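For reference, the chains in residue letters:
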Amino acid sequence: MTRVLALILPLLWIVSAAAADISEPVILVAKRQLSDRFYGATILVARPIGNDQHIGFIVNRPTKVTLGQLFPQHAPSQKVPDPVFLGGPINSESIFALVQTKKNPGGRSVKLLDNLFAVIDGKLVDDVIEKDPSHARFVAGLVAWRAGELDEEIKRGAWFVLTADSGLVLRNPDGLWEELVRNAELRANGI
């Protein structure tokens, strides 16, 4: 029964690309045919920012670098064992924190989902590292879509569109893309 639930529950997240509502936050899963070197086999959390533009973060691309390696003089960074993830090609020299919390961290933070914020202010990222790194994923860079660009990519068949879920954003990325693609393909085929 647990195995059956494990297969069924992810199917509930999937939204048909034809009916994809990207006026709200979503999870994007690259389809197998998206052979782009940068975006192939990726999972992103994305949200609209107005004027049919969107921002997002890749959440399943760990690097081989830790915060401790990036900031050797910052003692709290040395205590974060997880790697920094590649969040996207824009501002890839900047570290952002994707923080799972219901309360806005303040400052320059962007609400991605009901309980997920992107902290973009360096001082606040330091605060997250120092106070609660276990509820965060640290990413280098972000993704941005110009007006209509994400909608066009979805129409061309680049992405499966899933209902936004902050738990998915912070899951262990090992095998996650394969799981989500398999479930989306089954759903698309009416299975």
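The structure under discussion appears in the preceding block.
Residues numbered from 1 in each chain as written. Predicted model: local features only at pLDDT ≥ 70, side-chain atom pairs only at ≥ 80, totals over all residues. Heavy atoms only, no water.

Draft legend 1. Region of interest: the pattern of salt bridges. The final tally for this structure, using the stated rule, is six salt bridges. Here Asp127 ties to Lys123 by a salt bridge, and the two come within 3.1 Å at their closest N and O atoms. One end of the pair, Asp127, and the other, Lys123, are both in helix α4 (residues 122-131), four residues apart, so they sit about a helical turn from each other. Judged by its relative accessible area of 18%, Asp127 falls in the buried class. With a closest N to O distance of 2.8 Å, Arg171 and Glu179 form a salt bridge. Judged by relative accessible area, which is 31%, Arg171 ranks as partly exposed. We classify Glu179 as buried; its relative accessible area is 18%. (Salt bridge = Lys/Arg side-chain N within 4 Å of Asp/Glu carboxyl O. Helix = DSSP H or I, 4+ residues; strand = E, 2+ residues; numbered from the N terminus. Buried < 20%, exposed > 50% of the residue type's maximum accessible area, 1.4 Å probe, protein only.)

Draft legend 2. Layout of a nonpolar patch on the surface. A surface patch of nonpolar side chains, about 220 Å² in accessible area, is lined by Val65, Leu70 and Phe71. Within the fold, Val65 resides in strand β5 (residues 62-66). (Patch = residues over 30% accessible without salt bridge, like charges linked within 9 Å, V, L, I, M, F, W, Y side chains within 5 Å. Areas by Shrake-Rupley, 256 points an atom, 1.4 Å probe, with all protein chains shown as cover.)

Draft legend 3. Spotlight on the environment of Asn51. Tracing the sequence through the fold places Asn51 in the loop between β3 (43-50) and β4 (53-58). You can call Asn51 exposed: its relative accessible area is 66%. Asn51 sits 25 residues away from Pro76 along the chain, and the two C-alpha atoms are 39 Å apart.

Draft legend 4. Geometry of the environment of Val80. Position of Val80 relative to the elements: it lies in the loop between α3 (75-78) and β6 (83-86). Among the residues examined, Val80 registers a relative accessible area of 6% and is labelled buried. For the pair Val80 and Ala147, spaced 67 residues apart in sequence, the C-alpha separation works out to 37 Å. Val80 has contacts with Thr66, Leu67, Ile129, Pro133 and Phe138, leaving out every residue within four places of it along the chain. (Contact = heavy atoms within 4.5 Å.)

Read these as spatial facts, not as claims about activity.
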